[in-house]
Structure formats: C-alpha cells, structure tokens
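Take a look at the letters that make up each chain.
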2 protein chains.
Amino acid sequence: MSGFKRVTLADVASRVGVSAITISRALRTPEKVSPQLREEIARAIDELGYVPDRAARALASSRTDVIGVLIPSVTNNVFSEVLLGIYTAVENTPFDIQLGNTRYSSLKEEDLLKVFLSQKPAGLIVTGIDQSETSRALLKNAACPVVQIMEIDEDPIDLMIGFSHYEGARTATAHLIEQGYRRPGFAGARMDPRSQRRFRGFRDVATEAGLYAEERVITTTAASSVTLGAQLFAELIERAPDLDCVFCNNDDLALGVLFEAQRRRIAVPGQLGICGFNDLEMMAAAEPPITSIRTFRHDMGRRAVELLVDAIAQGRPRSGAVVDLGFELRKRSSTRSR
Amino acid sequence: MSGFKRVTLADVASRVGVSAITISRALRTPEKVSPQLREEIARAIDELGYVPDRAARALASSRTDVIGVLIPSVTNNVFSEVLLGIYTAVENTPFDIQLGNTRYSSLKEEDLLKVFLSQKPAGLIVTGIDQSETSRALLKNAACPVVQIMEIDEDPIDLMIGFSHYEGARTATAHLIEQGYRRPGFAGARMDPRSQRRFRGFRDVATEAGLYAEERVITTTAASSVTLGAQLFAELIERAPDLDCVFCNNDDLALGVLFEAQRRRIAVPGQLGICGFNDLEMMAAAEPPITSIRTFRHDMGRRAVELLVDAIAQGRPRSGAVVDLGFELRKRSSTRSR
DNA sequence: CATTGAAATGTTAGCGCTAACAAATGGATC
DNA sequence: GATCCATTTGTTAGCGCTAACATTTCAATG
C-alpha cells in the first residue's frame, strides 16, 4: 500500500498543458507567471496533491529551505522557550528548522556546524558569542546569513540579538544591595561563558560597593538544577554563615536555594534575600515569589528568525545589525523592599 | 570567500583512482569493498574533507536519513526530556532528527505528517495513540517504521513504547487513599487525551473506594504551569474546603498547589496531601519533597530511536511490538506516611 | 505597420548521488 | 588448466528539480 507513485512537477505540467519550469516558477516566483495560468496551476496542484521534492530542489538549486539552529541544551527551559519562539516564527515561512544540540561543547558545535553548512542552509542561528576560532571562521565564510542569539557585543559575525548578561547581573546585584543586604553571595552552576559574565556582573558591583567576599561565592560546572541549588546553598551557608542574600546564576538554582532555606528555617526575605535570573514562569508562583531578571526568550527566538528571513529575502549577507532586547528586574517578595 | 567548490564523490574517486560508485559503497556498505581500498578511501575522504550531499543521496535513492519526530510541545519539560533521549540515541547513527511541533492539535499533526512523509523519512516518532483517522491511515501506509511514544495500548500502528497513564494515576490515587486521605481532589490542566486517562484512573480508584466527589475535581484546557496550579488549588479549596489531598495531572500543577497551600498556611502533608505526575527533577528538591509518579522519559526517547533504527536496518515494517516502560511511585513527604 | 522590448513561457543540461545491471578478478575445484 | 562461483569493481542512466539561456507573445511606439 505504500507504493503511491510520487506526483512530480512534470505530472502537474502535463495536466495543465505547460512545461515543468512554468510550474516551478508558479511556485517560487508567482509574479513571473500570468495570473490565469497561476490559478490553473494552483488548481492542478491541489487536485493531484503535488508536494515538491525538497531533495530535488536542493540538488538543483544548491540551496535549501532549512534554517540550522545550534543550542547548547534542549532540556534547559531557557532554550526551549527560545526554540518555541523560533518554531512559531518559522510556521508561516517556507523554512524548516534543523536543530543541533551542542551540549555546551564548542567541539561538538564545530562538528555540527560543518554538517549543517554542508547542507547549504538558508540561514543559521547559533547561541552566544563564544564560538571557537574555527567555528567563527566557518560562520564568517558561510554562504548564508547567521544570527547569534542570547548575547550581544560589538563584534557580531553577522546578525545578533540578545541582551547583556553582565548588565543583567549588575542590575540584580545592585538591587540586593539597595535593599540593604550587605553580605551578598553568588551561586552558579554550569559555568558557561554566559554564566561567567553574570558572575562578573555580580563581582564588579559587589566589589564597587566594598561588599565582595570570595567565601560567599560557590560555583560548579555541573548542570544546573533545583536539587543542585539546594546543595550549593547548603554548602555556601555552612562556609559563610553570615551570608544575607544570594544572587543565583539562574532560576532553577534560586528555587533550590529557597527550598533549602525553608528546610533550614531561614526566613526569606528577612534573613536571606534570593534573586534568580531569567524569570521562568514558576518564579512568580513560588512562595514567596522570587525576584528575578526577566529575559525575553520567546521574542528572541521569534525575532532571530525574522532577522534571518529578511536577510535571506534581501540576499544581503553580513549586515552587522545588533538587537539588544534588554532585560527587566522583577522585584518580588524574595528580596526585602525598603 | 564563500565559494569553496564542493568536494564530490567524483573528486574522492579520482584521487583514489577508482570510480565514484566504489566510494559510495565504501560509505554505505563498507563490507562490500576490500579492506585496503576501504582504508585508502577513508584517508582520501579525510584529506579532501568530503561530506556527502544529503540532497543528492535522497534524490538518487529516494530515501533519507531523517527521522521525523512529532511532539505536542517543545517547552513542556516532559517532552523536552524525551527529546533529549532521542537526540542522544541518534548521535551515533547516520540519522538526523526533523522535529515537528503539533501544539496539541491533530489537524496540525496531520499537516506535519504529510510534509514529513513527502520527504520520505527513514522513520517516524509520533506522540500518543490519539491520532486522527486520516493520520492513522497515513501512518499505516507509511513506507517507513513508525513508533508511537508516551502511551501503550493493544492497537499499535507499528511500534510502540510508553506506559499506562491510567495505571499510573490509579497507583497515585490508591497511594493517597492508603495513607489515610479520605477526600481526594484532582487538578488537571491541558486536558489532552493523556491527561484524561489520568483523570479516569483517579476517578475509578476514588469511586471504587467510595470517595469520589465531583466538586473536588477541577480541570481546565489551559496550558499547565506552576502559576495555574496555584490558581486551580485556590479555586478548588474555596469550593471544597474539606478537601484533604490533591492528585495533580502533572508536576507543575503539584508545585503550584504546594506554593498556594504554603500561602494559605495549610500544612503539607498533615492537612493536605499532594501527589504529582512525571517526577520532574524539582519534585525531590521541594520543601517538602513532593510525591510523584516517576516516568522514564529519557529512556523512552532513547529506546524509541533504537526500536526505529533496528526496524529500519531489518527492513521489517509493521512489527506490532509494544514496550511498556512502566512507572514508579515515588513516595515523599508531601503525602503522609502511616 | 514595422520596430522594440518587456513579459511570459520553453529548451537544454546537469546538480551529486545511487540502482541496476555488467564486467573483471581471483581462488577453489575437478 | 578449464570451470565455476563468490567477491570486488565498473558503466550507464536517471532521481525531480532549477539555472541559464532561448524563444514566443503582444502591447506600445514612431
């Protein structure tokens, strides 16, 4: 039952009584086909149930309608929301998404990039600004537009959309200090480059205020989780019992810190202030609700695709456009309000 | 700089001094090429940096190395963990994943299926057992193996791997009743077919124990979230103040219930027992840790791919194999232990 | 009414690979 | 050493589409 003969362009063409290329044009550049023919072709395509063969198209035109996306993790909520934005935006375009999971490894990223590039993608979305030299060169020379997402700096490969993790962390830390906390701590997991920039934001503001202390910093390369947040806080509070607030690398950790504080009967926000990063949905629902730095992940995915689609349409590679989506401090009850 | 001439099979062939088909064979069926030649070819491929052109391969062989995956949501943790399993398993195979997001719509599923099928995938992974008649027919006639994941029943389209949501819910509800709770409630969001089967498991066990009451059931079609869990519980407890435990459709809701209970100074597990479903990582870290039904999502993704790859290798379609991964009740402090 | 040129449609070739069949090679066997 | 057969390698054609160039059509113009 599976042997339905494929309906080809030629089938549609002979049905309409024109040549195959005309059908091809009606599909790709309809303005070059007369309106009445266009309509007739549309009808024939419908009746025959013709679906273009992407492989043949790709081979003939040496282009594809694939947008390659490289993200470090599929399970991290942050990236899955970006991904949702990407899928949403792609929905009404002819493009398809090809996802690659780099697992936070720039070697794996390089490999995936080579595979992706060999498929001649229409565009590429890559995460962050810390590509290896090789990857960067590959991307610079890519025959398609490239968007870097999640971060911004002054040296985009091509397009860029994101926000400053450093400034986000500065804002969070400044908030803690403004609220009267004087012995700020930092908890960080999966210290990838973005996390490290957040740490630097924390460190710089704390240092400027004369409140930085290394014993109040705990980090690990392990993957972030709520459980890990609880563990890190347990270690941190043993080591630095005078700690009066924690800025967490991300919301999972922050939630873990909250739970561990509750277990230890440490009052939040009275004895301990907690601030997360990303403002996942659950932060507002927690008890107490947790202060966090909101980032615009869905928008980032959506607009990354829009940037790409525009660039592809205009055939204008290497534009250097940088979009700063910013962030927002969401003050909630896990930090004191003076 | 982007105009590197593509390295083709022919280039490798002339370098080695054989014909193109031999290189092709060395790549796809190495056992049919003599060992020394194989080695020589491998070296040449390496030196020239040859990467096969998938489009050309697909066109010539009318097959692809793409495994299509249809899931209802990319942001739901449950599916993203399945996805991770899938990506992990696919890593050391020649296959690629093409992801489709059905957004819980069987119409969208049908559309995606048609698109996927027209690309002649090597295999398909679809979520659940509630495909539309059309989709089911398409899948039955598909020229490739198909795995249904997340659920099990006696009528697989081809392969199937999952567990019984109904039985999971029964186990959870029985646990609540065993622990002495007598006025069990149910909170459910996004009442998709799987959620409905969970509800039925709850209802049946509660009814059998003579403890079912409709006013203690609250459901919504809205997407599940922690915030929603808190809201649903708030409504539920107003409506049925005598409620003494809640079985939640999933862990997001359960966490929301816990937070809302804390806000209302309702003691967990003393005054209120809470049980979730899926056992996301955070359940064990919560304060108190939340009882849940553990499901094996990563394994499910991984083994779904393995089933598929085996079926593809054996060219044996429609096997009817059903794998029950089961589930496990994780008793924690959010439910009384007698 | 011949000329022009833009718009609409067609012809030819080939993208890079593999299916299907063909041929060569090299032992084992009588 | 002729015969057979399995193993290894090659030849030819074509998958379905589009690039590049060619041709036709037809309205506008002097």
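Residue positions are given per chain, counting from 1 as you read along its sequence in written order. Labels follow written order: the first chain is A, the first ligand is 1, and so on. The predicted origin of the model limits local features to residues at a pLDDT of at least 70 and limits the giving and counting of side-chain atom pairs to 80 or more, whereas totals for whole chains, interfaces and linings rest on all residues. Only hydrogens and water are set aside; all other atoms, that is, all heavy atoms of the structure, feed into the side-chain values.

Caption draft 1: Main features of the relation of the copies chain A and chain B. Copy-to-copy alignment: least squares on C-alpha atoms, limited to residues at pLDDT 70 or above in both. With an RMSD of 0.2 Å, the fit of chain A onto chain B corresponds to turning through 180° and sliding 0.1 Å along the axis. Put plainly, the chains are arranged around a two-fold axis. Rotation axis and chain A: the residue whose C-alpha lies nearest the axis is A55 of chain A, separated from it by 2.3 Å. Of the interface residues in chain A, 100% have counterparts in chain B that sit at the interface too, so the contact is made through matching surfaces. Contact between two residues is taken to exist if any of their heavy atoms lie within 4.5 Å; hydrogens are not considered.

Caption draft 2: The arrangement of the sheet that holds strand β10 (residues 291–294) of chain B in detail. All names here are of chain B. When DSSP locates at least two bridges between a pair of strands, those strands are taken to pair. Each helix is a run of H or I in the DSSP string that is no shorter than four residues. Each strand is a run of E no shorter than two, and both are numbered from the N terminus. With mixed pairing, the 6 strands of this open sheet are ordered in space as β7-β6-β8-β9-β10-β12. Since the sheet does not close on itself, it has two edges, and those belong to β7 (217–219) and β12 (328–330), each with one partner. When strand polarity is set aside, the average angle formed by the axes of neighbouring strands in this sheet is 15°. Pairing of β10 with β12, which is carried by 3 bridges, proceeds in the antiparallel orientation. Note that in β12 the partner of S292 across the bridge is R330. The axes used here are C-alpha line fits, helices contributing only the stretch in contact, and every angle between their N-to-C directions lies in the interval 0 to 180 degrees. Against the sheet, helix α9 (residues 193–208) contacts β6 (184–188), β7, β8 (245–248) and β9 (273–278), and its axis sits at roughly 175° relative to β6.

Caption draft 3: Molecular detail of the protein's contact with DNA strand D. Taken together, 25 residues surround DNA strand D, and among them L9, S24 and Y50 of chain A together with T22 and R25 of chain B come closest. When the atoms of DNA strand D within 4 Å of the protein are grouped by moiety, sugar and phosphate amount to 67% of the total. Under this definition, polar contacts are N or O atom pairs within 3.5 Å; protein pairs additionally need one hydrogen-donor-capable and one acceptor-capable atom, and for neighbouring residues in sequence, both atoms have to be side-chain atoms. Take S19 of chain B: an N or O atom from its main chain is 2.9 Å from a phosphate oxygen of DNA strand D. The backbone of A60 of chain B places a nitrogen or oxygen atom 3.3 Å from a base oxygen of DNA strand D. By convention in this text, a residue qualifies as near a molecule or strand provided that one of its non-hydrogen atoms is within 4 Å of it.

Caption draft 4: Inspection of the protein's contact with DNA strand C at higher detail. Close to DNA strand C lie 26 residues; T22 of chain A together with L9, S24, Y50 and R57 of chain B are nearest. Of all atoms in DNA strand C that approach within 4 Å of the protein, 67% are sugar or phosphate atoms. T22 of chain A places a polar side-chain atom, nitrogen or oxygen, 2.6 Å from a phosphate oxygen of DNA strand C. Residue L9 of chain B places a main-chain N or O atom 2.5 Å away from a phosphate oxygen belonging to DNA strand C. Taken together, the elements giving at least two residues each to the surface near DNA strand C come down to α2 (20–28) and α4 (54–61) of chain A together with α2 (20–28) and α4 (54–61) of chain B.

Caption draft 5: Representation of the domain arrangement of chain A in the model. A domain assignment, automatic or from a database, supplies the domain bounds used here. As far as domains go, chain A holds domain 1 (9–52), domain 2 (66–164 + 297–327) and domain 3 (165–294). Each of domain 1 of chain A and domain 2 of chain A was reduced to a C-alpha centroid, and the two centroids are 34 Å apart.

Caption draft 6: Fine view of the side chain of S225 of chain B. Along the polypeptide, S225 of chain B turns up in the loop between β7 and α10 (226–239). Using a 1.4 Å probe on the protein chains alone, a residue whose accessible area is under 20% of its type maximum counts as buried, one over 50% counts as exposed, and one in between counts as partly exposed. Exposure remark for S225 of chain B: the relative accessible area of 14% places this residue in the buried category. If sequence neighbours within four positions are ignored, S225 of chain B has contacts with E281 of chain A together with D252 and L253 of chain B.

Caption draft 7: Looking closely at the sheet that holds strand β3 (residues 123–127) of chain B. Residue and element names in this part refer to chain B. The parallel open sheet is built from 6 strands, whose spatial order is β2-β1-β3-β4-β5-β11. Only two strands of the sheet have a single partner each, and these edge strands are β2 (96–101) and β11 (322–324). Between one strand and the next, the sheet's axes are offset by a mean angle of 15°, whatever the strand orientation. As paired strands, strand β5 (residues 159–163) and β11 are joined by 3 bridges and run parallel to one another. Counted as the bridge partner of M160 is V322 from β11.

Caption draft 8: Here's a closer look at the pairing of strand β2 (residues 96–101) of chain A. Residue and element names in this part refer to chain A. Among the 6 residues that make up β2, 5 are buried, leaving the element largely enclosed by the rest of the structure. Bridge count between strand β1 (residues 66–71) and β2: 6 bridges; the pairing is parallel. By the bridge assignment, I71 is partnered in β2 with N101. With helix α5 (residues 77–90) bridging β1 and the parallel β2, this β-α-β connection has right-handed handedness. Here is how to tell: hold the view so the strands point away, follow the path from the first strand over the helix to the second, and if it runs clockwise the crossover is right-handed.

Caption draft 9: Representation of unusual backbone geometry in the model. All names here are of chain A. Residue V268 is joined to P269 through a cis peptide bond whose omega torsion reads 10°. Structurally, P269 is set in the loop between α11 (251–263) and β9 (273–278). With an omega of -5°, the peptide bond between E287 and P288 qualifies as cis. The residue P288 is located in the loop between α12 (281–285) and β10 (291–294) in this model. Of note in the backbone geometry, N278 takes a positive phi value of approximately 115° without being a glycine. Structurally, N278 can be placed in strand β9.

Caption draft 10: Representation of the packing of α5 of chain A against helix α13 (residues 297–314) of chain A. All names here are of chain A. For the pair α5 and α13, the least separation of the axes is 7 Å and the interaxial angle reads 40°. Looking at the two axes, α5 sits oblique to α13. In the packing of α5 onto α13, the handedness of the crossing is right-handed. Taking contact as the criterion, the partners of V78, E81, V82, L84, G85, I86, T88, A89 and V90 in α5 are, on α13, R297, H298, M300, G301, R302 and V305. Residue classes follow a fixed rule: Ala, Val, Leu, Ile, Met, Phe, Trp, Tyr, Cys and Pro count as nonpolar, while Asp, Glu, Lys and Arg count as charged, and any other residue, Gly among them, counts as polar. Of the residues belonging to the contact of α5 with α13, the class tally is 8 nonpolar, 4 polar and 3 charged. Angle categories: roughly parallel below 35 degrees, roughly antiparallel above 145, roughly perpendicular from 65 to 115, and oblique for all the rest. Here is the rule for handedness: rotate from the far helix to the near one, and if that takes an anticlockwise turn smaller than a right angle the crossing is left-handed, while a clockwise turn gives right-handed.

Caption draft 11: Looking closely at the interface of chain A and chain B. On the side of chain B, 48 residues touch chain A, which itself brings 46 residues to the contact. Taking both partners together, chain A and chain B bury about 4300 Å²; carbon and sulfur atoms supply 55% of that area. Here a salt bridge means any side-chain nitrogen of Lys or Arg lying within 4 Å of a carboxyl oxygen belonging to Asp or Glu. Counting across the interface, chain A meets chain B through 8 salt bridges. Across the pair K120 of chain B and D53 of chain A runs a salt bridge, and its minimum N-O distance is 3.4 Å. What counts as buried area is the accessible surface, traced by a 1.4 Å probe, that two parts surrender upon association, with contributions from both included.

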